[in-house]
Amino acid sequence: MMTTKPSLGVIVPIFNEEKYLEESVGRLLEINAISQIILVDDNSNDGSLEIAKKLEEKNKIIQVLKTTKNLGKGSAVKTGIEILDTDYVVVHDADLEYFPEDIAEMFEVSLQNPNNLILGSRTIGEKERNNLYYFTYLGNKIFSYIFSILNSYKVSDIASCYWLLQVEKLKRIDIQEKGFAIEVEVLSKFLKTKGKIIEVPISYDGRLF
C-alpha cells in the first residue's frame, strides 16, 4: 500500500531584499522536498515585490503576499501562515545567510519525530559557519542560556531562523510578536505545550550589518 509523503511549505519574509531574493528563492527551488513557497513582502520600498511577482509567474509552487505596511518579520510570518496548504512549515530568511540543503535534513528528522519542533542550530555539530561578529555570537549564547534556564529546557541557539514543525501545531500558537523575536516566542510557547525541541546542526554565513 502506497502512502503519500507529508508536504513541506516555506514562508519567506521579505523586506528590501532585492539584492538577494532571486538567488535565495532559487536555492529553495532546488530542494525537492519543498512543495509550497510563500513570499511575504513586508511593504518593501525597493524592487523586492516586483522580483517576487516575476518568480511567482515562473514557478507554480510560489505564491506572493504583501502587507499593507511594514510591521516586521513576525507579522509577515503570520500573514504567510494564513494560506499555508502543507503539512509542515519552515521559515526561511531571504538574505543568503542560511542554506536550504539544511531544510531537507531537518525535514527528514521531523518526519521521524512529527510531534516535535526541529530547530536548526548554528552552534552544534561541524557544519561550515562564518560568524562575522563575535559579540553577536556571544550575545546569542548568553540569551540562549537564559532561555534554557527560564524554560527548564536546554536550547543552544534561540535566534536561529530555521525552525520546522507541523502546520497545525504552529497554528495553535497565538503569535503576538511582530518583529524578529518571533523565534523566541514560538520556541517558548511550543515548549509550554509539552512539546520537545530537537536541534539539528546547520550551516551559516553571516552578512555585514
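The rules behind these values
Residues numbered from 1 in each chain as written. Predicted model: local features only at pLDDT ≥ 70, side-chain atom pairs only at ≥ 80, totals over all residues. Heavy atoms only, no water. Salt bridge = Lys/Arg side-chain N within 4 Å of Asp/Glu carboxyl O. Helix = DSSP H or I, 4+ residues; strand = E, 2+ residues; numbered from the N terminus. Buried < 20%, exposed > 50% of the residue type's maximum accessible area, 1.4 Å probe, protein only. Core = buried A, V, L, I, M, F, W, Y, C linked by side-chain atoms within 4.5 Å. Contact = heavy atoms within 4.5 Å.

Caption draft 1: Representation of the pattern of salt bridges within the structure. Following the criterion strictly, the structure yields seven salt bridges and no others. Taking the shortest distance from any N to any O, the salt bridge between Glu-108 and Lys-5 comes out at 2.9 Å. Placement of Glu-108 in helix H4 (residues 101-112) and of Lys-5 in the segment before strand S1 (8-14) is noted, with a sequence separation of 103 residues between them. Classification of Glu-108 by relative accessible area gives partly exposed; the value is 40%. For Lys-5, a relative accessible area of 47% gives the class partly exposed. In this structure, the salt-bridge partner of Arg-122 is Asp-157, at a minimum N-O distance of 2.8 Å. Taken together, the residues Arg-122 in the loop between strand S5 (117-121) and strand S6 (129-130) and Asp-157 in the loop between helix H5 (134-151) and strand S7 (163-166) connect sequence positions 35 residues apart. Judged by relative accessible area, which is 12%, Arg-122 ranks as buried. Residues participating in the shared-partner salt-bridge network are Lys-73, Asp-93 and Glu-183.

Caption draft 2: Local environment of the nonpolar core. Formed by 30 residues in total, the largest nonpolar core has its most connected members in Leu-8, Val-12, Leu-39 and Leu-164. Sorting the residues of this core by element identifies S1, helix H1 (21-29), strand S2 (34-41), helix H2 (48-58), strand S3 (62-66), strand S4 (88-91) and H4 as the ones contributing at least two each. With four residues, S1 is the largest single contributor of residues to this core. Aside from chain neighbours lying at most four places away, what touches Leu-39 is Val-12, Ile-14, Val-25, Ala-52, Leu-55, Ile-62, Gln-63, Val-64 and Leu-65. Among the nonpolar cores identified, the runner-up in size contains 26 residues, and Leu-119, Phe-147, Leu-187 and Leu-191 belong to it.

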